[in-house]
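Report on the structure
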Amino acid sequence: MEKYYEKTLLEELHDIQDTYGYIPEEQIIRIAKKRNMPKSELYGVISFYSMLHVKPRGRYIIRVCDSLSCHLNNSNNLVETIKEYLGINSGETTPDKKFTLEVVECLGHCGEGPVMLVNNKIYTKLTPQQAISILKECI
């Protein structure tokens, strides 16, 4: 007997985001109809998980840790410098769609703060000037 397998909702959402870079409204409508669930419930799922997005994001996703250990190592100065350099706030994307900035709770390098993750590359013990140099390399 052949086993029937259907993707979980999260698997389907991740697949869509991998395809489009975010989860477009038309895909939300399609999934809600297919799964016979209210759109509001689906938005609730998407908004619960910080890795899922309903707006297009930049080519480079910059995550700066603001956990207690990074905060004590002046991650707030790092964030403010990056915001000023890029001209955006946390949760925003630059007009050219190159950078998205996110301030996150932990990046798993608590003894090496402040910490920044650009896409999947981690940078530790950063000064604001070093962070700007790293971002300039992305241009």
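Numbering of residues starts from 1 in each chain and follows the order in which that chain's sequence is written. Selection of residues for local features in this predicted model requires a pLDDT of at least 70, selection of side-chain atom pairs for listing and counting requires 80 or more, and totals for whole chains, interfaces and linings are taken over all residues. The side-chain values count all of the structure's non-hydrogen atoms but skip hydrogen atoms and water molecules.

**Examining the pattern of salt bridges**
Side chains that differ in sign of charge can pair as their charged atoms come close. A pairing counts as a salt bridge when a side-chain nitrogen of Lys or Arg comes within 4 Å of a carboxyl oxygen of Asp or Glu. Tallied over the entire structure, the rule returns 8 salt bridges. Two residues, Arg57 and Glu102, come together in a salt bridge whose shortest N-O distance is 2.4 Å. Linking Arg57 in the loop between α3 (39-48) and β1 (60-65) with Glu102 in strand β2 (residues 99-104), this pair joins segments that are 45 residues apart in sequence. One continuous salt-bridge network, built from bridges that share partners, spans Glu12, Arg30, Lys34 and Arg35. For helices the rule is a DSSP run of H or I covering at least 4 residues; for strands it is a run of E covering at least 2, with both sets numbered from the N terminus onward.

**As for the sheet that holds β1**
A pair of strands counts as paired when DSSP detects no fewer than two bridges linking them. In space, the 4 strands of this open sheet follow the order β2-β1-β3-β4, with mixed pairing throughout. Looking along the sheet, the strands with just one partner apiece sit at the ends: β2 and β4 (121-123). Across the sheet, the mean angle separating the axes of adjacent strands is 20 degrees when strand polarity is ignored. Sheet topology note: the β1/strand β3 (residues 116-118) ladder contains 3 bridges and is antiparallel. Pairing of Arg63 across the sheet is with Leu117, part of β3. Structural elements are reduced to axes, namely lines fitted to C-alpha atoms, with helices fitted over the stretch in contact, and the angle between N-to-C directions of any two is expressed from 0 to 180 degrees.

**Some thoughts on the packing of aromatic side chains**
Aromatic pairs are defined between Phe, Tyr and Trp rings, using the six-membered ring for Trp, whenever the two ring centres lie within 6.5 Å; interplanar angles under 30 degrees are classed as stacked, those over 60 as edge-to-face, and all others as tilted. A complete count under the given rule lists 2 aromatic pairs for this structure. The interplanar angle of 85 degrees and the centroid separation of 4.9 Å between the aromatic rings of Phe48 and Tyr49 together place this pair among those described as edge-to-face. A 1.4 Å probe rolled over the protein chains alone gives each residue an accessible area, and that area as a share of the maximum for its type sets the label: buried under 20%, exposed over 50%, partly exposed in between. Its relative accessible area of 62% is what places Phe48 among the exposed residues.

**Looking at the environment of Ile46**
The residue Ile46 is located in helix α3 in this model. You can call Ile46 buried: its relative accessible area is 2%. In this structure the C-alpha to C-alpha distance between Ile46 and Ile23, which are 23 residues apart in sequence, comes to 8.8 Å.

**A word on unusual backbone geometry**
Trans is the common state for peptide bonds, and a negative phi is the common state for residues other than glycine. Across the junction of Gly113 and Pro114, the peptide omega takes the value -5 degrees, indicating a cis bond. Along the chain, the position of Pro114 falls in the loop between β2 and β3. Residue Asn74 is not a glycine yet carries a positive backbone phi of 70 degrees. The topology assignment puts Asn74 in the loop between α4 (68-72) and α5 (75-86). With a relative accessible area of 44%, Asn74 lands in the partly exposed category.

**Quick look at the nonpolar core**
Working definition of a nonpolar core: buried Ala, Val, Leu, Ile, Met, Phe, Trp, Tyr and Cys residues. They are joined through side-chain atoms within 4.5 Å. The biggest cluster of nonpolar side chains holds 19 residues, and the ones touching the most others in it are Ile62, Val64, Ile82, Met116 and Val118. Only β1, α5, β2, β3 and α6 (128-138) provide two or more residues apiece to this core. At 5 residues, the largest contribution of residues to this core is made by α6. Counting residues in each nonpolar core, the second largest holds 11 residues, with Ile23, Met37, Ile46 and Leu52 among its members.

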